[in-house]
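Residues per chain, in single letters:
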Amino acid sequence: MNSLLIVIFVLLIVLYLPYLYKTIRLKKINKSHIPEEGSWAELEDGNIYYRWFEPEGEDVNGETVVLIHGFSTPSFVWGGLIDKFCQSGFKVLVYDHFGRGFSERPRINYDKELYVRSLKGLLDNQEISQKVHLIGYSMGGPIVGYFTENYPKLTKSMSLIAPAGFMQRMSGVNSWTTKPIIGEWFWHVFSNKIYGVGRMSETSYSDDPLSINEDEFLENFNKQLIFKGFTESLLSTVRCFNLFDCRRMYKDLGKLNIPTFVAWGKMDGVVPYSGSENLKECIPHVELLTIEEGTHDITYRQPTEVGEAINKFLLSNRQ
């Protein structure tokens, strides 16, 4: 019996050491870490990072575009799109979800209510009461949808890029790699395999002059990995936010008759292009841009084509 206990104890130590190695150097994020170009907004659940981009010249239309990023890549992903919107006179607001980028990492459930609450809280914090144009990428699609479902009078238009929410089953959610304690151990110990090292994108190159190349992408992505709570926020999102079947919500959006645009890559290996047919069934009036050779990376690999199409849609839906 004593021998068995010793074996178990040694095994636990062996398992714990790589976890300790990966986590002991992580820092708690504070205000001194955020870029000077942005700021923290104090919301109900903590401080969230945001940044404004203002139009220049006389062609200012006074309308606001809010950009909502996806599961793990924070707001730098919008880099190739922002100037296009500003040049058309729109004010642009970007932010990092809690747990990502330069926002705090509260120890709470990362469910759909949190993401809707934080978006509404940020708009209130910035004293935005007029309707806004919402653009959501991947997981940002359902966030835009759930927000609009709750606050239809605040949404002027919805633009979705490869939106999540149309897979038949929640692949991987019941995997042992997402179970409490085990999940934290696995995602920290094998973080190099999950994110942060190697090639993150489906495509390694784009000839779009506005694209974010892989080296730049990884440099910016990895900045968030030095802070405690990033991995935990992803795991909590997987556990608490059903990103795989949001069709009921999209069907309800279709009844609101809010102008809606979607851009989707036909070669998307993360959120399959087949979901575009489901989206059209749910929101019959949606305008669809299909990028024939596009993968899930079209936001930052084909920003010129995506940005021009969304910008045209936004301009057609100004007051």
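Everything here concerns the structure above.
The notes below deal with the structure included here. (Residues numbered from 1 in each chain as written. Predicted model: local features only at pLDDT ≥ 70, side-chain atom pairs only at ≥ 80, totals over all residues. Heavy atoms only, no water.)

## With respect to the overall build of the protein
Alright, step 1. Scanning the protein for helices and strands turns up 12 helices and eight strands.
Alright, step 2. Its C-alpha atoms give the protein a radius of gyration of 20 Å, within 12% of the compact-globule value 20 Å for 319 residues.
Alright, step 3. Judged by the C-alpha coordinates and their principal axes, the protein covers about 75 × 45 × 40 Å.
Alright, step 4. The long-range share in the protein, meaning contacts at least 24 apart out of those at least 6 apart in sequence, stands at 80%.
Alright, step 5. Across the protein, the 33 positively charged side chains and the 38 negatively charged ones have centroids separated by 7 Å. (Helix = DSSP H or I, 4+ residues; strand = E, 2+ residues; numbered from the N terminus. Rg over C-alpha atoms; globule rule 2.2 N^0.38 Å. Contact = heavy atoms within 4.5 Å. Lys, Arg positive; Asp, Glu negative; His and termini not counted. Charge placed at Lys NZ, Arg CZ, Asp CG, Glu CD.)

## Looking at the pairing of strand S5 (residues 132-137)
Moving residue by residue along a regular strand, the side chains alternate between the two faces of the sheet.
Alright, step 1. Counting buried positions over the six residues of S5 gives six, a clear majority of the element.
Alright, step 2. The alternating pattern of S5 places Val132, Leu134 and Gly136 and His133, Ile135 and Tyr137 on opposite faces, both of which are buried.
Alright, step 3. In the sheet, strand S3 (residues 64-68) pairs with S5 via four bridges, with the strands oriented parallel. Across the sheet, residue Leu67 finds its bridge partner in S5, namely Ile135.
Alright, step 4. Both S5 and strand S6 (residues 155-161) contribute to a ladder of six bridges, which runs parallel. When the bridges of S6 are listed, Gly136 appears paired with Leu160.
Alright, step 5. The β-α-β motif built from S5, the intervening helix H4 (residues 140-150) and the parallel element S6 has right-handed crossover chirality. (Buried < 20%, exposed > 50% of the residue type's maximum accessible area, 1.4 Å probe, protein only. Pairing = 2+ DSSP bridges. Right-handed = clockwise from strand over helix to strand, strands pointing away.)

## Describing helix H10 (residues 275-282)
Alright, step 1. Taken residue by residue, H10 has Gly275, Ser276, Asn278, Leu279 and Cys282 as its buried positions. An end-on view of H10 places all buried positions within 160 degrees of arc, on one side of the element.
Alright, step 2. The inward-facing, buried residues of H10 abut S6, helix H9 (247-254), strand S7 (260-265) and strand S8 (287-291). (Arc of directions from axis to C-beta.)

## Looking at the side chain of Ser211
Alright, step 1. The residue Ser211 is located in the loop between helix H6 (191-194) and helix H7 (214-222) in this model.
Alright, step 2. Polar contacts involving the side chain of Ser211 include one to the main-chain carbonyl oxygen of Asp208, which spans 2.9 Å.
Alright, step 3. Discounting chain neighbours no more than four positions away, the residues touching Ser211 are Ser206, Tyr300, Arg301 and Pro303. (Polar contact = N/O pair within 3.5 Å; in protein donor to acceptor, adjacent residues only side chain to side chain.)

## Remarks on the sheet that holds strand S4 (residues 91-95)
Alright, step 1. The sheet built from eight strands is open, its strands ordered S1-S2-S4-S3-S5-S6-S7-S8 with mixed pairing. Two strands in the sheet have a free side with no partner beyond their single neighbour: strand S1 (39-43) and S8. Within the sheet, the average angular offset between the axes of one strand and its neighbour, ignoring direction, is 25 degrees.
Alright, step 2. Sheet topology note: the S6/S7 ladder contains four bridges and is parallel. Looking at S7, one finds that Met158 is bridged to Thr260.
Alright, step 3. Lying over the sheet, helix H3 (residues 112-125) contacts S1, strand S2 (46-53), S3, S4 and S5, oriented at roughly 110 degrees with respect to S1.
Alright, step 4. On the sheet, H10 packs against S6, S7 and S8 and is oriented at approximately 170 degrees with respect to S7. (Axes fitted to C-alpha atoms, helices over the stretch in contact; angles between N-to-C directions.)

## Examining the packing of aromatic side chains
Alright, step 1. Within the structure shown, the criterion is met by 14 aromatic pairs.
Alright, step 2. On the basis of an interplanar angle of 55 degrees and a centroid distance of 6.2 Å, the ring pair of Tyr146 and Phe241 is categorised as tilted. One end of the pair, Tyr146, is in helix H4; the other, Phe241, is in the loop between helix H8 (230-240) and H9, with 95 residues separating them in the sequence. Take Tyr146 and Phe241: they sit in the same class, and that class is buried. (Phe/Tyr/Trp six-rings, centres within 6.5 Å; stacked < 30°, edge-to-face > 60°.)

## Structural notes on the environment of Gly101
Alright, step 1. Structurally, Gly101 can be placed in the loop between S4 and H3.
Alright, step 2. Taking C-alpha positions, Gly101 is 30 Å from Ser274, a pair spaced 173 residues apart along the chain.

## With respect to the pattern of salt bridges
Alright, step 1. The tally for this structure, following the rule as stated, stands at 10 salt bridges.
Alright, step 2. The partner of Lys120 in a salt bridge is Asp124, with the nearest N and O atoms 2.9 Å apart. Placement of both Lys120 and Asp124 in helix H3 is noted, with a separation of four residues, approximately one turn of the helix.
Alright, step 3. With a closest N to O distance of 2.9 Å, Arg239 and Glu184 form a salt bridge. One end of the pair, Arg239, is in helix H8; the other, Glu184, is in helix H5 (residues 182-189), and 55 residues separate them in sequence.
Alright, step 4. Judged by its relative accessible area of 32%, Arg239 falls in the partly exposed class.
Alright, step 5. Using a relative accessible area of 16% as the deciding quantity, one classes Glu184 as buried.
Alright, step 6. Counted as one network, the salt bridges with shared partners bring together Glu149, Arg248, Asp252 and Lys255. (Salt bridge = Lys/Arg side-chain N within 4 Å of Asp/Glu carboxyl O.)

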